[in-house]
Amino acid sequence: DTAVSQTPKYLVTQMGNDKSIKCEQNLGHDTMYWYKQDSKKFLKIMFSYNNKELIINETVPNRFSPKSPDKAHLNLHINSLELGDSAVYFCASSLGQASGNTIYFGEGSWLTVV
Amino acid sequence: AQSVSQHNHHVILSEAASLELGCNYSYGGTVNLFWYVQYPGQHLQLLLKYFSGDPLVKGIKGFEAEFIKSKFSFNLRKPSVQWSDTAEYFCAVRGNNRLAFGKGNQVVVIP
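Residues numbered from 1 in each chain as written. Chains lettered and ligands numbered in written order. Predicted model: local features only at pLDDT ≥ 70, side-chain atom pairs only at ≥ 80, totals over all residues. Heavy atoms only, no water.

S.K.: Is there a simple way to think about the overall build of chain B in this case?
M.R.: Across its full length, chain B holds zero helices and 12 strands. For chain B, the C-alpha radius of gyration of 13 Å lies close to 13 Å, the compact-globule estimate for 111 residues. Each of the three principal axes of chain B carries a C-alpha extent, and together these read 40 × 25 × 20 Å. When each of the 111 residues of chain B is scored for burial, the buried share is 48%. Of the contacts formed within chain B by residues at least 6 apart in sequence, a portion of 55% connects residues at least 24 apart. (Helix = DSSP H or I, 4+ residues; strand = E, 2+ residues; numbered from the N terminus. Rg over C-alpha atoms; globule rule 2.2 N^0.38 Å. Buried < 20%, exposed > 50% of the residue type's maximum accessible area, 1.4 Å probe, protein only. Contact = heavy atoms within 4.5 Å.)

S.K.: Could you clarify how one ought to interpret the pairing of strand β9 (residues 73-78) of chain B in this entry?
M.R.: The two faces of the sheet receive side chains in turn, since in a regular strand these alternate between them. All names here are of chain B. The element β9 is largely enclosed, with a buried count of five among its six residues. Looking at chain direction, strand β3 (residues 19-21) and β9 are connected through three bridges and run antiparallel. Bridge pairing in β9 places Leu-19 opposite Lys-78. Counting the residues between successive antiparallel strands, the hairpin from strand β8 (residues 64-68) to β9 contains four residues, one of them, Phe-72, with a positive phi of roughly 50 degrees. (Pairing = 2+ DSSP bridges.)

S.K.: Got a minute to help me understand the sheet that holds strand β1 (residues 4-7) of chain A in this structure?
M.R.: Paired through their backbone hydrogen bonds, the strands of a sheet run either parallel or antiparallel. All names here are of chain A. Across the sheet, which stays open at both edges, the four strands sit in the order β1-β3-β8-β7 with antiparallel pairing between neighbours. The open sheet has two free edges, formed respectively by β1 and β7 (64-70), since each of these has just one partner strand. Along the sheet, successive strands turn relative to each other by an average axial angle of 20 degrees, direction set aside. Pairing between β7 and strand β8 (residues 73-78): five bridges, direction antiparallel. Within the sheet, the bridge partner assigned to Phe-64 lies in β8 and is Ile-78. (Axes fitted to C-alpha atoms, helices over the stretch in contact; angles between N-to-C directions.)

S.K.: What should I look at first to understand the nonpolar core in this one?
M.R.: Across soluble globular proteins, nonpolar side chains have a tendency to be buried as a group. Judged by nonpolar contacts, the single largest core of 29 residues is most densely connected at Trp-35, Leu-48, Phe-74, Leu-76 and Tyr-89 of chain B. The element contributing the most residues to this core is strand β10 (residues 87-95) of chain B, with four residues. Listed in part, the 20 residues of the second largest apolar core include Ile-21, Met-46, Phe-64 and Ile-78 of chain A. (Core = buried A, V, L, I, M, F, W, Y, C linked by side-chain atoms within 4.5 Å.)

S.K.: Looking at this structure, I do not really get unusual backbone geometry. What am I missing?
M.R.: Glycine aside, negative phi is the norm for most residues, and most peptide bonds take the trans geometry. Residues and elements named next belong to chain A. The residue after Thr-7, namely Pro-8, is reached through a cis peptide bond having omega -5 degrees. Mapped onto the elements of the fold, Pro-8 is located in the loop between β1 and β2 (10-13). Positive phi values are uncommon outside glycine, yet Lys-52 reaches one of about 70 degrees. The residue Lys-52 is located in the loop between β5 (43-50) and β6 (53-57) in this model. A positive phi angle, close to 45 degrees, is found at Ser-80, a residue other than glycine. Relative to the elements of secondary structure, Ser-80 occurs in the loop between β8 and β9 (87-94). When its relative accessible area of 39% is taken as the criterion, Ser-80 is described as partly exposed.

S.K.: What exactly am I supposed to notice about the pattern of salt bridges here?
M.R.: Two side chains with opposite charge may pair up if their charged atoms get near one another. Residue and element names in this part refer to chain B. This model, assessed by the stated rule, comprises seven salt bridges over all chains. For Lys-58, the salt bridge is made with Glu-64, and the minimal N-O distance between the two is 2.8 Å. Of the residues examined, Lys-58 reaches a relative accessible area of 63% and is grouped as exposed. Its relative accessible area of 18% is what places Glu-64 among the buried residues. Linking Glu-64 and Arg-77 is a salt bridge whose minimum nitrogen-to-oxygen distance equals 3.4 Å. (Salt bridge = Lys/Arg side-chain N within 4 Å of Asp/Glu carboxyl O.)

Right, dumping it as structure tokens:
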């Protein structure tokens, strides 16, 4: 009964391909996030959705497009993959946007672009 | 936007030694503070958090952290580490709907 689940866990693909990472949470949360962890382990927020609406969109190339079909799902689609996109992508969720709410993370999706 | 600084990125110590990881943040408003741990090959797990009240918070696995508002700090401590504490530790600050992470401390405990 995983709380925040991401698929796939590992993804190796060639430059130029388009790929998607899916995320689902069963915690009843209404806010979901995508974080990127680079090779130096630095974590940075990419997107945040609250009730299917985009509320945070950090400086991310427009090749990255999040899609939230409902508040329990937030998928990440990446077009024209580049070598620099290789990273671990973490999905997360929380109840509401208030600062007092803990954010729970998925297990990460290891993306390698060759 | 808030920012988080963690010092001494690589820490190597022996079992039973005491551990202290520093975390400083910059943000003018109300913040909530977190420490997350990432064991090798695993996802981020919440170690402890501070929202309000007693500035000394206790988390899982014997970890504790102290919020010192005047110093904008939230240092993590454990009096006696174990080999299983080998992991990456991330301090995070949440303010203005954003959770910002520090660059992490890679901690290696030698048996």
